[in-house]
Every structure is written in C-alpha cells, then in structure tokens.
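Below are the chains, spelled out letter by letter.
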Amino acid sequence: MKHNYPTEEQYSNGVDTIFYHGERVNPNAKVVNTEFRSLVERNMREAKAYEAILVDRNGNVTEGSRSNIFMIKDKTVYTAPLEDVLPGTTRDSIIAVALKCGYKVIEERINYKDAIRMDGIFISGTLSKVLPIRKIDNTKLNSSHNNIIISIMKEYNEMIKRYIHKNKLNR
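Note that the coordinates shown come from a computational prediction; the quantities given were computed from them, not determined experimentally.

**Considerations on the packing of aromatic side chains**
Here's step 1: In the structure shown here, the tally under the stated rule is three aromatic pairs.
Here's step 2: Judged by centre distance (5.3 Å) and plane angle (75°), the rings of F19 and Y112 are edge-to-face. Here Y112 lies in helix 4 (residues 112-115) and F19 lies in strand 1 (residues 15-21), a separation of 93 residues in the sequence.
Here's step 3: Residue F19 is classed as buried on the basis of its relative accessible area of 12%.
Here's step 4: A relative accessible area of 23% places Y112 in the partly exposed class.
Here's step 5: Pairing F70 with F122 gives two aromatic rings, centres 5.1 Å apart and planes at 15°, and the pair type is stacked. Taken together, the residues F70 in strand 4 (residues 68-73) and F122 in strand 8 (residues 120-125) connect sequence positions 52 residues apart.

**Quick look at unusual backbone geometry**
Here's step 1: Even without being a glycine, K48 presents a positive backbone phi close to 55°.
Here's step 2: Take K48: it is sitting in the loop between helix 2 (34-47) and strand 2 (51-55).
Here's step 3: Here K48 falls in the exposed class, since its relative accessible area comes to 73%.

**Comments concerning the nonpolar core**
Here's step 1: Ranked by internal contacts, the top residues of the largest apolar core, which has 19 residues, are M71 and I121.
Here's step 2: When contributions to this core are tallied by element, the ones reaching two or more residues are strand 1, strand 2, strand 4, strand 8 and strand 9 (129-136).
Here's step 3: If you tally residues by element for this core, the top one is strand 9, at three residues.
Here's step 4: If sequence neighbours within four positions are ignored, I121 has contacts with I69, F70, M71, A115, P132, I133, I136, L141, S143 and I149.

Criteria and cut-off values
- Residues numbered from 1 in each chain as written.
- Predicted model: local features only at pLDDT ≥ 70, side-chain atom pairs only at ≥ 80, totals over all residues.
- Heavy atoms only, no water.
- Phe/Tyr/Trp six-rings, centres within 6.5 Å; stacked < 30°, edge-to-face > 60°.
- Helix = DSSP H or I, 4+ residues; strand = E, 2+ residues; numbered from the N terminus.
- Buried < 20%, exposed > 50% of the residue type's maximum accessible area, 1.4 Å probe, protein only.
- Core = buried A, V, L, I, M, F, W, Y, C linked by side-chain atoms within 4.5 Å.
- Contact = heavy atoms within 4.5 Å.

Listed below in structure tokens is the structure:
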C-alpha cells in the first residue's frame, strides 16, 4: 500500500474512512495477502478514503487496513482485543498514553453499527501517529474536536519528542 504522511489539515479536521467488511486470515501476523490488500486499496481509492476500517464476519470493528482503531465513549477508550489485531509498539504506546492521561482503556469487540455512535474515533500507526476520523462512509464524526482524542494526540506527540531528545543526548 502507498504510504503517505497526514497533513496538518488532516490532523486538525480528521480524515475520511470507509468500513470494509473483510478480515485478514491471521490478524496477529504481518502476512501480505496481495488479493485482500488490492481489494481494500481499490475500495479506498473509489471512496477517496484515507483508510479502511476492517469489519470481521461478526460485524465487529477490528483494525484499519494499515492502522489500529481506537474509539471514545464518555471517558473510556475502546479498542479491539489483541487477538483480533496486529500487535505493535504504536498500539501499546497509545494505550499507555491513554492510561497516563487518566482514561480507562477497554479491549472489547465493538459492532460497526455501534462504532458510529461513539463520541470520537481515531486511527494510530507509525506514520499516522494519532489521527482523528472525520467520516466513516456517509456518517460524520466530531473526532477532531473530542477533548480525549486531543489530549491523547498531544501527549503522544510529547512522548515522541521526549524519546527523540533522549536519544540525541545519548549519542
């Protein structure tokens, strides 16, 4: 898949996404399935979407095609259980940041019909960091104005700055 860094405008206003009803054979392994990737990429291109949110055979949100998904309801951060997603450092860091900010984090299967009723949703990844979702299919979300997402985004960016500063000093 083509990689691109989000723009400042996308961080400020969020990105458009789609639901894609399909799942990777083994979500815990980074295995390339070219046919699956091509189908997802084609759907994203046709919809002019930044990302596709994968929905499993039971209707539950799992992850993005190249990111993890986090959903906010009240003061709780929800994400799919580890067995349903590709584990990684960024996902672990986002969970740690959310906990540091004082939010409860629950790994739980969320149906895609319930996901669009959340207070906000964001994707995370090495390239995207913490990126609010503005729209899923035709449903608009107010994620870029959600205070929890904003605080997680700020703290995650600060964590990266501290890491870079620390490693510059250790050279």
